[in-house]
Amino acid sequence: MREIITAFATPPGSSGLAVLRIAGPGAAALADRIFSFGKLPAVGEQATPARAQTRRKVARLSGYQAAFGYVHEADNPVASLDQCVLTRFRAPWSYTGEEQVEISIHGGPALRRALLEIVISAGARPAEAGEFSKWAFLNGKMDLAQAEAVMDLIQADTERQHTAAMRQLQGTAGLRLAEVQNEIYALLSALEVDIEYPEYEDFHLQQRACEEGLERICRSLRHIAAGNRQGRILRDNLQVVLVGEPNVGKSSLLNALAGEERAIVTEFAGTTRDIIELRIDLAGIPVSIYDTAGIRESQDPVERLGVDRTVKLRETADLLMLVVSAANLVEIPDQVANLLGSSANDFLLLCIKIDLTENLDKTAEWQQIQESIKSKFPAFVAAILVSATQGWGIDELKTKINDYYEGLSGSGSADVVLTSVRQQRLLEEALELFSALQDDLASLPTDILTSGIRQGAELLGEITGEDVSEQMVEEIFARFCIGK
Ligand SMILES: Nc1nc2c(ncn2[C@@H]2O[C@H](COP(=O)(O)OP(=O)(O)OP(=O)(O)O)[C@@H](O)[C@H]2O)c(=O)[nH]1
Ligand SMILES: [Mg+2]
């Protein structure tokens, strides 16, 4: 038996309005006990029996119809609470796909608490985190990827996070995956025929069909997976780390990017010891830029700890910004090797303090340096001339970071960006499995091949929730917020 659940869909604190959701079979009848049509009775005015008799019913409202009235204690219109607007939803045309009522009252903490208590006393149960979305999923209103997108949408800070979540909400991921699933089922049924009627086996034909099928599946999955790095970045921010020798101008650069004095800048080497994070929204991409301690051998124990942190962060970054001085161009290749250390991460080369040299960008030397870095370091992305004190090259730097993000999708799919870790892991597992099958195809007996393919199909099914355990559903929705 499905219960009636209730929760505020709006955040705590004071607000102009607050919206209470009541969902489940019988929600309208429940609302009729705590809501009356019309104006709040004036002080001393009784809700007369005549008025009570002519009471209209929430249960009789049509779907999407709103009514003006007031909320009060259950079955007691005299004990009124607040004027409000109520909206009626009829199954299956509501968020959860069930009968549903939403009440907009004024958003004060005491008022909200009181209304919630009244609705609970009238027979509803407080909703658990994500429970409305869980019911929407269980009632087939959306797939799991879409439900997770609802959560991403609520948490989206930047425009791109919002767009990715929107696309997922529109079901693009589900559609693309369904195409791959169809491919898989076609392959499975071909193999099925082979198991049941081995006498018809035309080995070469079958082998080729299999090869081609697996190739198509892997290609599609790779295509979706390529967009995944972007999805990860939209969730966790693009991690960009400033690395350079002491006093080269890293903190000055961070400040120039921030547009304010975030980090301490001095003319003394070894100023920055701790890691300083600056979060910016770069054309819709969430970016975290880290200022670090300059890398050098130091006797100072505090500075040494700072350098250790720099080295650690250097390994986990998405993109490094290696900062070198424009004063001595010939040393740059050696410096780059030093600053990279054992890191194989992609890097931008920032040649700083160009205000102290003359028109560097036109010189043959600068061209040569860029060529030499490009040929020596495969992780090289681009070189930029900057001056932190003059603000030169800062816009170009932002553009390059933006280009780097755009370039990550490569041949990948721009329209499907899976934003949840769960979905990305499943996709990667499926891709690994199908690639392995593809590699070992020649030596695999048909039954093993078939069960491998089925397993892959199940992994993909888990992304959209076709193939997902009850416990998994509970875990996923528990991460949602209350009222969603
Ligand atoms: N002329 C010029 N001076 C700069 C530029 N960028 C930084 N400086 C100066 O270089 C000195 C060091 O700058 P910081 O930003 O503290 O250098 P840092 O790399 O953070 O140094 P540490 O924290 O010690 O590793 C300061 O005196 C800055 O004013 C620049 O583009 N042009
Ligand atoms: Mg510094």
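What counts and what doesn't
- Residues numbered from 1 in each chain as written.
- Chains lettered and ligands numbered in written order.
- Predicted model: local features only at pLDDT ≥ 70, side-chain atom pairs only at ≥ 80, totals over all residues.
- Near = placed C-beta within 6 Å.
- Helix = DSSP H or I, 4+ residues; strand = E, 2+ residues; numbered from the N terminus.
- Pairing = 2+ DSSP bridges.
- Buried ≥ 20, exposed ≤ 12 C-beta atoms within 10 Å, placed from the backbone.
- Contact = placed C-beta atoms within 7 Å.
- Core = buried A, V, L, I, M, F, W, Y, C linked by C-beta atoms within 7 Å.
- Axes fitted to C-alpha atoms, helices over the stretch in contact; angles between N-to-C directions.
- Parallel < 35°, antiparallel > 145°, perpendicular 65-115°, else oblique.
- Left-handed = near helix turned anticlockwise from the far one by under 90°.
- Nonpolar A, V, L, I, M, F, W, Y, C, P; charged D, E, K, R; others polar.

Draft legend 1. Structural context of the site of ligand 1. Neighbouring residues of ligand 1: 24 residues in total, closest G249, S251, S252, T272 and G294. Considering every element that reaches the shell around ligand 1, the biggest residue donor is helix α10 (residues 250–258), with 3 residues.

Draft legend 2. Main features of the sheet that holds strand β5 (residues 76–89). Pairing in this open sheet of 7 strands is mixed, and the strands run β3-β4-β5-β6-β2-β1-β7 from one edge to the other. Edge strands, defined here as strands with exactly one partner in the open sheet, are β3 (35–37) and β7 (125–126). Both strand β1 (residues 5–8) and strand β2 (residues 15–23) contribute to a ladder of 4 bridges, which runs antiparallel. Among the inter-strand pairings, A7 is bridged to a residue of β2, identified as R21.

Draft legend 3. Spotlight on helix α9 (residues 228–236). Turning to α9, its buried residues number three or more, namely N228, Q230, G231, I233 and L234. At the C-terminal side of α9, N237 shows a positive phi close to 75°.

Draft legend 4. How the structure looks around the environment of S252. Along the chain, the position of S252 falls in helix α10. Residue classification places S252 among the buried positions, given that 21 C-beta atoms sit within 10 Å. Sequence-wise, S252 and A263 are 11 residues apart; in three dimensions their C-alpha atoms are separated by 7.5 Å. In contact with S252, other than residues within four places in its own chain, are V265, A388 and T389.

Draft legend 5. How the structure looks around the environment of F347. Structurally, F347 can be placed in strand β12 (residues 346–352). Considered as a pair, F347 and E215 are 132 residues apart in the sequence and their alpha carbons are 33 Å apart. Sequence-distant contacts of F347, that is, excluding residues within four places in its chain, are made with L319, L320, L322, L340, A379, F380 and V381.

Draft legend 6. Fine view of the pairing of strand β8 (residues 238–244). For β8, a buried count of 6 out of 7 residues is recorded, marking the element as mostly surrounded by other parts of the structure. Pairing between β8 and strand β10 (residues 285–291): 4 bridges, direction parallel. Note that in β10 the partner of V240 across the bridge is I289. Here 5 bridges tie β8 to strand β11 (residues 319–325), and the two strands are oriented parallel to one another.

Draft legend 7. How the structure looks around the pairing of strand β4 (residues 66–73). In this sheet, β4 lies alongside β3 in antiparallel orientation, the contact comprising 3 bridges. Paired with S36 across the two strands is Y70, which belongs to β4. Bridge count between β4 and β5: 8 bridges; the pairing is antiparallel. For H72, the partnering residue across the bridge sits in β5 and is S80. Hairpin geometry of β4 and β5 is characterised by an intervening segment of 2 residues between the two adjacent antiparallel strands and by a positive phi of about 60° at D75.

Draft legend 8. A look at the nonpolar core. Counting residues in each nonpolar core, the largest one holds 117 residues, and the members touching the most others are I22, A31, L322, V323 and V386. Not counting residues up to four positions away in its chain, the partners in contact with A31 are I22, V58, L86 and V101.

Draft legend 9. Quick look at the packing of helix α5 (residues 144–155) against helix α6 (residues 159–169). At a minimum axis distance of 8 Å, the contact between α5 and α6 shows a crossing angle of 155°. Of the possible angle classes, the one that applies to α5 and α6 is roughly antiparallel. Relative to α6, the crossing made by α5 is left-handed. Between α5, through A145, Q146, A149, V150, D152 and L153, and α6, the contact on the second element is made entirely by Q161, H162, A165, M166, Q168 and L169. Counted by class, the contact of α5 with α6 contains 7 nonpolar, 4 polar and 1 charged residues.

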